[in-house]
Amino acid sequence: MRSPWWIVAVGASAFSAFFWAIGGAVDMGLEEHARGRYGLPDGGERYTYALFGGAVIAAGSALALAGRRVPGWKTALLPASGLGFGAVSVLVLGQQTRHWIAAGAMGIAGIVMTLAALRRGRASRPPAGRRAPG
């Protein structure tokens with residue numbers, strides 16, 4: 001997996017799974033378990049696995065891209081695609097106020113994270129006509 005495109009593909013899939021799981025948690029709601037703890041109701045195992053598995057793989061792919069010299073827009077593809085997929089999946093699962101709030105929050109977070117990744121990519125390049133230090 002030397003190509004950054006493989007890392008982007010795996011990372012985008014993992015971010016999509018993670019935010020799909022968040023959409024499922026918004027749809028199902030939380031229930032109180034023993035000792036006052038809250039969690040997903042029974043039957044939410046697929047969301048739980050996607051939540052934790054997606055988070056681990058997404059973090060790994062983002063860290064793998066951070067250690068490489070790749071353009072900022074490739075790094076920006078990871079959270080943007082996942083948040084976009086998550087926002088759409090939340091609205092597919094339901095149309096209540098909580099679904100719209102979650103989709104709006106994911107949309108805003110996707111825009112902010114994408115702009116931050118693009119800004120970081122632009123800031124890491126040396127100015128035109130100058131050499132990078134070191």
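Now for a quick tour of the structure. In this numbering scheme, every chain counts its residues from 1 along its sequence in written order. Local features in this predicted model are restricted to residues whose pLDDT is 70 or higher, and side-chain atom pairs enter the listing and the counts only when it is 80 or higher, whereas totals over whole chains, interfaces and linings include all residues. Just so you know, side-chain values use all the structure's heavy atoms and leave hydrogens and water out.

A run of DSSP states H or I qualifies as a helix once it reaches four residues; a run of E qualifies as a strand once it reaches two. Both are numbered from the N-terminal end. Under the convention used throughout, the expected extent of a helix is 1.5 Å for every residue step, that is, one less than its residue count. The first and last C-alpha atoms of helix α1 (residues 4–28) sit 36 Å apart over 25 residues, in line with the 36 Å expected at 1.5 Å per residue. Note on α1: the residue one or two positions beyond its end, G29, has a positive phi of about 80°.

The next subject is the environment of T48. Examined against the element boundaries, T48 turns out to sit in helix α2 (residues 45–66). Separated by 30 residues in sequence, T48 and F18 place their C-alpha atoms 9.2 Å apart.

Along the polypeptide, H99 turns up in helix α4 (residues 97–123). In what follows, a contact means two residues having at least one pair of non-hydrogen atoms within 4.5 Å. Not counting residues up to four positions away in its chain, the partners in contact with H99 are V26, D27, V90, L91, L93 and G94.

Time to look at the environment of Y38. Mapping Y38 onto the fold places it in strand β2 (residues 38–39). Beyond its immediate sequence surroundings of up to four residues, Y38 is in contact with L30, E31, E32 and H33.

The next point concerns the packing of aromatic side chains. Stacked, tilted and edge-to-face are the three classes applied to pairs of Phe, Tyr and Trp rings, where Trp contributes its six-membered ring and a pair requires centres within 6.5 Å; stacked means planes under 30 degrees apart, edge-to-face means over 60, and tilted covers the rest. Taken as a whole and assessed by the stated rule, the structure comprises two aromatic pairs. Note on F15 and F19: the rings are 6.3 Å apart at their centroids and 10° apart in plane angle, and the pair reads as stacked. Taken as a pair, F15 and F19 lie in helix α1 at a separation of four residues, close to a single helical turn. A simple rule labels every residue: compare its accessible area, found with a 1.4 Å probe on the protein chains alone, to the largest value its type can have, and call it buried under 20%, exposed over 50%, or partly exposed in between. The class for F15 is buried, based on a relative accessible area of 13%.

So, on to the environment of S81. With respect to the element layout, S81 can be found in helix α3 (residues 72–93). A relative accessible area of 29% means that S81 is categorised as partly exposed. On a C-alpha basis, the gap between S81 and F19 in space is 9.8 Å, while along the polypeptide they are 62 residues apart. Excluding anything up to four places from it in sequence, S81 contacts A12 and S16.

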